[in-house]
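Listed below are the residues making up each chain.
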Protein chains: 2
Amino acid sequence: MKFEVTILGSSSATPIYNRNPTSQVLNINERLYLVDCGEGTQQQMLRFDVRGSRIDHIFISHLHGDHYLGLIGLLSSLHLNGRKKALKLFGPSQLKEIIDLQFKYSETTLQYELDFFATDSTQSQVIVINDDVTIETIPLDHRIPCNGFLFREKKRLRKLLKDELERIGVPIELYTSLKKGADYTDPKGKLYKNDTLTTDSDKPKTYAYCSDTLFNPQYFKQMLDRANETHHTTALQAAEIAVTVNAKRLLIGHFSARYKSLDDLLEEAQSVFPNTALAIEGKTFVV
Amino acid sequence: MKFEVTILGSSSATPIYNRNPTSQVLNINERLYLVDCGEGTQQQMLRFDVRGSRIDHIFISHLHGDHYLGLIGLLSSLHLNGRKKALKLFGPSQLKEIIDLQFKYSETTLQYELDFFATDSTQSQVIVINDDVTIETIPLDHRIPCNGFLFREKKRLRKLLKDELERIGVPIELYTSLKKGADYTDPKGKLYKNDTLTTDSDKPKTYAYCSDTLFNPQYFKQMLDRANETHHTTALQAAEIAVTVNAKRLLIGHFSARYKSLDDLLEEAQSVFPNTALAIEGKTFVV
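Residues numbered from 1 in each chain as written. Chains lettered and ligands numbered in written order. Predicted model: local features only at pLDDT ≥ 70, side-chain atom pairs only at ≥ 80, totals over all residues. Heavy atoms only, no water.

J.: I tried to follow the overall build of chain A on my own but got confused; where do I start?
T.: The helix and strand inventory of chain A stands at 9 helices and 18 strands. Seen through its C-alpha atoms, chain A measures out along the principal axes to roughly 75 × 50 × 35 Å. Residues classed as buried in chain A amount to 55% of the 287 residues present. The average position of the 35 basic charges and that of the 36 acidic charges among the side chains of chain A differ by 4 Å. (Helix = DSSP H or I, 4+ residues; strand = E, 2+ residues; numbered from the N terminus. Buried < 20%, exposed > 50% of the residue type's maximum accessible area, 1.4 Å probe, protein only. Lys, Arg positive; Asp, Glu negative; His and termini not counted. Charge placed at Lys NZ, Arg CZ, Asp CG, Glu CD.)

Here it is, written out as structure tokens:
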């Protein structure tokens, strides 16, 4: 199953050096999930050929402008480009007020349903469950209410021990239930426990988007125990967190305007966590 | 005196084909005036080396997103980049409410004074008078309250007829008052009327920004009687208006996503008004 992330914006606070305010898009089994939507995100989508019509979920971490000022423009463009299917939007409750006010004064009535879900920055919540993925919020410690988002691939089906099934003569029509964990009783009444017919599936992949938070590795360890990618603001600290939570890979992004070149940041993080990459515009990473 | 306009965004409604939503910046005697501020305007300013610190006036025509969604990001970036001097902002009264709401939730307190002036879309108002220019609103006929803006170079001083002044022996220290229209009485009491000592100044230059309006040439004739540049949405109609108001030059911009190529639009307008140019990103036009 495809599980990858493309960086649309990597800048914090202000756009600079061709870096755009923050936005990322995940492709999980050909469904697109947009995470944050800084100013110019829709232009970046055009640039990197990300079709807005394929996005059904948008997640806004918090209400600093560099994380959401591209949202109203994107919602408007989807409307003007004829979108009819519903769009789910997750973010702080005040985001709805901001959207409503702007659409009120522009006299815009969206042609599609915008399903808004207010996130809670005081506790983790499961906000999406579908066939491919579960998505949870990660409450973060920032100046204003802020959530990260944890994308966890749905637990995969167990793997069949084909040779054993053929030896016993299990009918093929039962394979699907075996993958889901069922036992098998043969025509003579003999029971075969599932774990003698299948093995564990691969561990589900996980992607954690953790922008804008204070440094608190233990908290992250608790929150992201099974995360294998994380995304954070301070290179060295992000690397330390990546070590603490036993991540497989670290993407650093949300770069400050202080850094024209990002080489030093990368080197700094890699000194602690070697499998670190720069989350720069247009790059796609397979989870 | 420098009087030129640089196009930062030429697209209407949605960004497309590398065209950005609407924004223009005027340089009048080295002061910058920003007119409309669609999403991504601050990125365009970086791209075309327009320094935000040199802008002291921003004008928002109306509250459709393609004309103002880049404003909050720009105001924030000026703040984060250390601006201290006041900034004058002109736009519909509801714009203030939108700004206040967004800064409230991002917990932003600007480090500089933002002087907001609510425009009135029912009547023309003079909103700026300084040493270089007067700026008036042009009420437009759009779906929501909307103003264009008319930039009129300050009336220049009269030109001295140097030979005549020398012949009569007018003291040089009186030249400035003559330029402003004073008469001259010589030591023997003989009066010389000003118009025998000076001639009319050059006609002041004018730039009219008229985006998003219905087609109404008579109205424009009345409003823009002395305008020599205009800017409008429908190529052929804009050209007809340019003829009606006796404009010197027409810039057409705010292009619909319908037009990938703009050649036909240009040709169409030029068939009626030959001195038409395309107001595309990065182009600077001397008024």
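Moving on, there is more to tell.
J.: Would you explain the side chain of glutamate 281 of chain B in this entry?
T.: Residues and elements named next belong to chain B. Mapping glutamate 281 onto the fold places it in the loop between β17 (276–278) and β18 (284–286). Among the polar contacts listed, one links the side chain of glutamate 281 to the backbone nitrogen of asparagine 20, at a separation of 2.7 Å. With near-sequence residues (within four places) excluded, glutamate 281 lies in contact with Ile7, Leu8, Gly9, Ser10, Ser11, Asn18, Arg19, Asn20, Gln44 and Phe48. (Polar contact = N/O pair within 3.5 Å; in protein donor to acceptor, adjacent residues only side chain to side chain. Contact = heavy atoms within 4.5 Å.)

J.: Is there a simple way to think about the packing of helix α7 (residues 235–244) of chain B against helix α8 (residues 263–272) of chain B in this case?
T.: Helix-helix packing is described using two parameters, namely the angle between the two axes and the distance between the axes. Residues and elements named next belong to chain B. Running from N to C, α7 and α8 point in directions that differ by 25°, and their axes come no closer than 8 Å. The angle between α7 and α8 places the two elements in the roughly parallel class. Viewed along their axes, α7 and α8 form a crossing whose handedness is right-handed. Here Ala235, Leu236, Ala239, Glu240 and Val243 of α7 lie close against α8, whose contacting residues are Leu265, Glu268, Ala269, Ser271 and Val272. (Axes fitted to C-alpha atoms, helices over the stretch in contact; angles between N-to-C directions. Parallel < 35°, antiparallel > 145°, perpendicular 65-115°, else oblique. Left-handed = near helix turned anticlockwise from the far one by under 90°.)

J.: Looking at this structure, I do not really get the packing of aromatic side chains. What am I missing?
T.: Centre-to-centre distance and the angle between the planes together describe a pair of aromatic rings. Residues and elements named next belong to chain A. Enumeration according to the criterion identifies 14 aromatic pairs over all chains in this entry. When the ring of phenylalanine 59 is compared with that of phenylalanine 90, the centres are 4.9 Å apart and the planes differ by 10°; the resulting orientation is stacked. Of the two residues, phenylalanine 59 is situated in strand β4 (residues 55–59) and phenylalanine 90 in strand β5 (residues 87–91); the sequence distance between them amounts to 31 residues. Aromatic ring contacts, followed pair by pair, group Tyr33, Phe59, Phe90, Phe117, Phe149 and Phe151 into a single cluster. (Phe/Tyr/Trp six-rings, centres within 6.5 Å; stacked < 30°, edge-to-face > 60°.)

J.: What should I look at first to understand the relation of the copies chain A and chain B in this one?
T.: The two chain copies are connected by a rotation around an axis plus a translation along it. The two copies are related by a screw motion: chain A maps onto chain B through a turn of 179° and a shift of 0.1 Å along the axis, at an RMSD of 0.3 Å. Those values place the two copies in the arrangement expected of a two-fold rotation axis. Across chain A, the rotation axis passes nearest the C-alpha of glycine 40 of chain A, at a separation of 2.7 Å. A shared interface surface links the copies, since 100% of the contact residues of chain A are contact residues in chain B too. (Least-squares fit on C-alpha atoms with pLDDT ≥ 70 in both.)

J.: Sorry if this is basic, but what is going on with the interface of chain A and chain B here?
T.: Accessible area lost during the coming together of the parts is what is often quoted as the interface size. Contacts between the two partners involve 33 residues from chain A and, on the opposite side, 33 residues from chain B. For the pair chain A and chain B, the two sides together bury roughly 2700 Å², of which 58% comes from carbon and sulfur. Applying the counting criterion to the chain A and chain B interface returns 0 salt bridges. The tally of links from chain A across to chain B stands at 14 residue pairs in polar contact (both at pLDDT 80 or more). (Buried area = accessible area lost by both parts, 1.4 Å probe. Salt bridge = Lys/Arg side-chain N within 4 Å of Asp/Glu carboxyl O.)

J.: Whenever I open this one, α7 of chain B confuses me. Can you help?
T.: Within an α-helix, residues lying three or four positions from one another point in the same direction, as the helix has 3.6 residues per turn. Residue and element names in this part refer to chain B. Among the residues making up α7, those that are buried are Ala235, Ala238, Ala239, Ile241 and Ala242. Buried positions in α7, seen along its axis, are confined to an arc of 160° and lie on one side of it. Immediately beyond the C-terminal end of α7, within one or two residues, lies asparagine 246, with a positive phi of roughly 60°. (Arc of directions from axis to C-beta.)

J.: Would you mind going over empty space enclosed by the protein with me for this structure?
T.: To find the voids left in a structure, one rolls a probe of water-molecule size over its atoms. By the definition in use, this model includes 1 cavity of 30 Å³ or more. Forming the walls of the largest cavity are Leu69, Ile72 and Gln102 of chain A together with Tyr68, Leu69, Ile72 and Gln102 of chain B. For the lining of the largest cavity, a count of residues per class yields 5 nonpolar, 2 polar and no charged. (1 Å grid on protein atoms, 1.4 Å probe; cavity = no way out; pocket = protein on both sides within 12 Å on 5 of 7 lines; lining within 4 Å. Points joined across faces, edges and corners; volume = space filled by probe spheres on them. Nonpolar A, V, L, I, M, F, W, Y, C, P; charged D, E, K, R; others polar.)

J.: What exactly am I supposed to notice about the state of the cysteines here?
T.: Here, the word disulfide means a covalent bond between the sulfur atoms of two cysteines. Residue and element names in this part refer to chain A. One pass over the full model with this rule turns up 0 disulfides over all chains. As a non-bridged cysteine, cysteine 146 has cysteine 210 as the owner of its nearest cysteine sulfur, 9.4 Å distant. Owing to a relative accessible area of 1%, cysteine 146 belongs among the buried residues under this scheme. (Disulfide = S-S within 2.5 Å.)

J.: Would you explain the environment of asparagine 81 of chain B in this entry?
T.: Residue and element names in this part refer to chain B. Along the polypeptide, asparagine 81 turns up in the loop between α2 (71–80) and β5 (87–91). For asparagine 81, a relative accessible area of 60% puts it in the exposed group. With 90 residues separating them in the primary sequence, asparagine 81 and proline 171 have C-alpha atoms 51 Å apart.

J.: What is the right way to read the nonpolar core from this model?
T.: Counting residues in each nonpolar core, the largest one holds 62 residues, and the members touching the most others are Ile58 of chain A together with Ile58 of chain B. If sequence neighbours within four positions are ignored, isoleucine 58 of chain B has contacts with Leu34, Leu71, Leu74, Leu75, Leu87, Lys88, Leu89 and Phe90 of chain B. With 22 residues, the next largest nonpolar core counts Val5, Val133, Leu251 and Phe285 of chain A among its residues. (Core = buried A, V, L, I, M, F, W, Y, C linked by side-chain atoms within 4.5 Å.)

J.: Would you mind showing me how to read the sheet that holds strand β8 (residues 133–140) of chain B here?
T.: Strand pairing in a sheet relies on backbone hydrogen bonds. The paired strands run either parallel or antiparallel. All names here are of chain B. Taken together, the 4 strands give an open sheet; going across it, the order is β7-β8-β9-β14, and neighbouring strands pair in antiparallel fashion. Taken across any chain shown, the strands that pair with only one partner, and hence form the sheet edges, are β7 (126–129) and β14 (206–209). Here the average twist between neighbouring strands, direction ignored, is 15°. (Pairing = 2+ DSSP bridges.)

J.: Can you walk me through the side chain of histidine 79 of chain B in this structure?
T.: Residues and elements named next belong to chain B. Note on placement: histidine 79 falls in helix α2. Separated by 3.0 Å, the side chain of histidine 79 and the backbone nitrogen of glutamine 111 make a polar contact. Those residues in contact with histidine 79 that lie beyond four places of it in its chain are Thr108, Thr109, Leu110, Gln111 and Tyr112.

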